[in-house]
There are 2 protein chains.
Amino acid sequence: MRINVKEAAEMLRTHDNIIILVHSNPDGDTLGCGYALLRALRKAGKKAEVMRPLNTGKKYNYLFDDLGKQDFEPEFVVSVDVADIKLLDTDVREQYGNRINLAIDHHPSNCVECKNLLLEDTAAAACEIIYKLLLELGTELDKKIADCLYTGISTDTGCFRYSNTSAQTYRFAADLVEKGADGAYINRIMFDTKTKSYVILERLVMDTLEMHFGGRCAMTHLTLDMYEKSGSDESETDPLASKTRQIEGVDIGIFVREKTDGTFKISLRTLEPVDASKICGMLGGGGHARAAGCQVEGTLAEVKAKIISAITEYLGQ
Amino acid sequence: MRINVKEAAEMLRTHDNIIILVHSNPDGDTLGCGYALLRALRKAGKKAEVMRPLNTGKKYNYLFDDLGKQDFEPEFVVSVDVADIKLLDTDVREQYGNRINLAIDHHPSNCVECKNLLLEDTAAAACEIIYKLLLELGTELDKKIADCLYTGISTDTGCFRYSNTSAQTYRFAADLVEKGADGAYINRIMFDTKTKSYVILERLVMDTLEMHFGGRCAMTHLTLDMYEKSGSDESETDPLASKTRQIEGVDIGIFVREKTDGTFKISLRTLEPVDASKICGMLGGGGHARAAGCQVEGTLAEVKAKIISAITEYLGQ
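A quick note: this is a predicted structure, and the numbers were derived from the prediction, not measured.

**Student:** It is not clear to me how the overall build of chain A should be interpreted in this structure. Could you clarify?
**Tutor:** Counting its regular elements, chain A contains 11 helices and 11 strands. Viewed in the frame of its principal axes, chain A has a C-alpha envelope of about 60 × 35 × 35 Å. Looking at the 317 residues of chain A, the share that counts as buried comes to 56%. Element-wise, carbon and sulfur atoms account for 48% of the exposed surface of chain A, whose accessible area totals about 13,500 Å².

What follows is the structure in structure tokens.
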């Protein structure tokens, strides 16, 4: 059943011993939601715990490093920023996946089976919804809660860069900064810090830069040996996909990454009007208009030839 | 004489034929101020012109590309975001430097000799002051004015990343987005677009990465031959200075750049509590606590040795 912020607040007010679920490979938004809500609930005298995934990045420590553990018999389960129970860690999914009382989310694709769904898909970050919820609950916002909520808002908007950033996003950020959120610190940790291994990996990848279609298409690749040379690994490859599209004049950026199983993952990033999902669709993949991907088999040269020929076909249409 | 926003608005209301001065090597804030003000004045039926510097980057075209030229005998001169008349283009300084009626700025160091000074040094961007001024003037904000003001606010805060970003900054951004400012477009142009020559230059510079002091200090250098190899030039070197400081664990980032006169420019970027200005001061330079610079003579190896030894001395104190 779809419910609104007021109803969700009432539900939290009348329950205790609350388990909060965040998605696997957690990002700033799901963790920001989880710990802002946990802090608000504990402030209200309730017991609450976030089921924190094992692979939570160290950079998020400040969201929870002052919190103790609470043991209790779970009575009420809330998921935050989880679009699908497949996105929960396996053990969490098995334990709580079929007993979610309240799902709070901003993904239009949300398909969590739950008793109550608070979904606002115009929110740039799920933390915007949690902020409204805490206002409704009458929570006194402290610096720590403000840091949590700011983290979600900033990370899910690429530091206010993406087109999902709305007037509401900026207004909430203003409120949170007034409540003590340390935007400069959070943004430095989230957007302005790279590991040395990543810096070396990026250099190796950028060394492979090649241009196609008269400069409107740029391509780089990553081979497994680069992990060894840089000390990096797959977990650090995410930002590499968008590097080629950032080059002036490029509206099709391609990043080809060798996987440990010998296949290649192609990531496409485009500018309007090039539809990345259509191009990747030709190779059995999919995604969004501006960002899509596909898995391709073959040698590196064959894989590159396949994507170039898919783009040739797309552009010729 | 220091005046406030209300007084500045009254002054503009009672004058016509207004020349607006922006600083040389113009950035998004000075140009955003200039064209927002020009548009507001023209909307009020006045004649106004910005003295646009010759070396204005092409990426700023959207701020003024719809505007025609107006010829008139200048009666009132306003400078925006200009801290010192030395920062004006030479011909503009000669023509208008000693007849500035109103200086609008946010630099605490402002030393423009002018009849009236509207200075708010808590504003992250001078565009925040211009926004207040236009509200006071009763200007109806359209999309173009909103784009101009948003550009200044976003660029002077590093897209809301720096510690100068205040609650006011976010609130003004919210208002401007509501008035039609295209934040996603502006931020892509300002923060997410690199020339191919810059991408190649960055790669060449990052190839020179060396670590010192157990990983807390990272250094790169740029030599003149890299301009030839990359097709880039001095105008693109600004972002390179902060690349080393971004590496995890690094609190002293050094960038050594060879200049055409054979000397080297050292740029230092630090994290608290390392004082970059003290270190550069030892070599005859200066700046701020987190960002400072100095000019050093010698071979590349000698210059590097000098800065490393200055840091050794600083850290030993």
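**Student:** Mind showing me how you'd approach the relation of the copies chain A and chain B here?
**Tutor:** A rotation about an axis combined with a shift along that same axis relates the two copies of the chain. Superposing chain A onto chain B takes a rotation of 180 degrees plus a shift of 0.0 Å along the axis, which leaves an RMSD of 0.2 Å. Here the copies are linked by what is in effect a two-fold axis. Residue by residue, 97% of the interface of chain A is reproduced at the interface of chain B, so both copies engage with the same surface.

**Student:** Can you help me understand the packing of aromatic side chains in this one?
**Tutor:** The relation between two aromatic rings is expressed through the spacing of the ring centres and the mutual angle of the planes. Under the counting rule described, the total for this entry stands at 15 aromatic pairs over all chains. One aromatic cluster in this structure is built from Y150(A), F160(A), Y170(A), Y150(B), F160(B) and Y170(B). One Lys or Arg, R52(B), reaches over the ring of F64(B) and ends 3.7 Å from the middle of that ring.

**Student:** What am I meant to see in unusual backbone geometry here?
**Tutor:** Glycine aside, residues mostly have negative phi, and peptide bonds are mostly found in the trans state. Of note, the bond from E272(A) into P273(A) is cis; its omega dihedral lies within 30 degrees of zero at 0 degrees. Look at D81(A): it is not a glycine, yet its phi comes out positive at around 60 degrees. Along the chain, D81(A) turns up in the loop between β3 (76-80) and α3 (90-96). At C159(B), a position not held by glycine, the phi torsion is positive, near 60 degrees.

**Student:** How do you make sense of the pairing of strand β11 (residues 291-296) of chain B when you look at a structure like this?
**Tutor:** Successive residues of a regular strand alternate their side chains across the two faces of the sheet. Residues and elements named next belong to chain B. Where strand β9 (residues 264-270) meets β11, six bridges bridge the pair, whose relative direction is antiparallel. Bridging across to β11, I266 finds its partner in C294. Inspection of the sheet shows strand β10 (residues 286-287) paired to β11 by two bridges, in the antiparallel sense. Considered in β11, the bridge of G286 is made with G293. Turn length for the β10-β11 hairpin, with the two strands adjacent in sequence and antiparallel, is three residues.

**Student:** Help me understand the domain arrangement of chain A, please; the structure alone is not making it clear to me.
**Tutor:** How big an interface is tends to be expressed through the accessible area that disappears when the partners come together. According to the domain assignment, chain A contains domain 1 (5-191) and domain 2 (196-315). One C-alpha centre belongs to domain 1 of chain A, the other to domain 2 of chain A, and the line joining them spans 32 Å.

**Student:** Sorry if this is basic, but what is going on with the sheet that holds strand β7 (residues 217-222) of chain B here?
**Tutor:** Strands in a sheet are paired, the pairing made by backbone hydrogen bonds, and the direction either parallel or antiparallel. All names here are of chain B. Sheet architecture is open: six strands sit in the order β6-β7-β8-β9-β11-β10, paired in mixed fashion. The sheet terminates laterally at β6 (210-212) and β10, the two strands that pair on one side only. In this sheet, β7 lies alongside β6 in antiparallel orientation, the contact comprising three bridges. Looking across to β7, one finds that H212 is bridged to C217.

**Student:** Please clarify how helix α4 (residues 126-137) of chain B should be interpreted in this entry.
**Tutor:** Because each turn of an α-helix spans 3.6 residues, side chains separated by three or four positions in sequence point in the same direction. For α4(B), built from 12 residues, the straight-helix expectation of 16 Å at 1.5 Å per residue is met to within 8% by its first-to-last C-alpha distance of 17 Å. Looking one or two places after α4(B), you find G138(B), whose phi comes out positive at around 75 degrees.

**Student:** Please explain the packing of helix α5 (residues 143-156) of chain A against helix α6 (residues 167-178) of chain A as it appears in this structure.
**Tutor:** Packed helices, taken two at a time, are described by the angle between their axes plus the distance between the axes. All names here are of chain A. Contact geometry for α5 and α6: axes closest at 9 Å, N-to-C directions at 155 degrees. Our classification of the angle between α5 and α6 gives roughly antiparallel. Of the two possible hands of crossing, α5 and α6 adopt the one that is left-handed. In this structure, α5 contributes A146, L149, Y150 and I153 to the contact, and α6 contributes T169, F172, A173, L176 and V177.

Conventions used here
Residues numbered from 1 in each chain as written. Chains lettered and ligands numbered in written order. Predicted model: local features only at pLDDT ≥ 70, side-chain atom pairs only at ≥ 80, totals over all residues. Heavy atoms only, no water. Helix = DSSP H or I, 4+ residues; strand = E, 2+ residues; numbered from the N terminus. Buried < 20%, exposed > 50% of the residue type's maximum accessible area, 1.4 Å probe, protein only. Areas by Shrake-Rupley, 256 points an atom, 1.4 Å probe, with all protein chains shown as cover. Least-squares fit on C-alpha atoms with pLDDT ≥ 70 in both. Contact = heavy atoms within 4.5 Å. Phe/Tyr/Trp six-rings, centres within 6.5 Å; stacked < 30°, edge-to-face > 60°. Lys NZ or Arg CZ within 6 Å of the ring centre and 35° of its normal. Pairing = 2+ DSSP bridges. Domains from an automatic or database assignment. Expected span 1.5 Å × (residues − 1). Axes fitted to C-alpha atoms, helices over the stretch in contact; angles between N-to-C directions. Parallel < 35°, antiparallel > 145°, perpendicular 65-115°, else oblique. Left-handed = near helix turned anticlockwise from the far one by under 90°.

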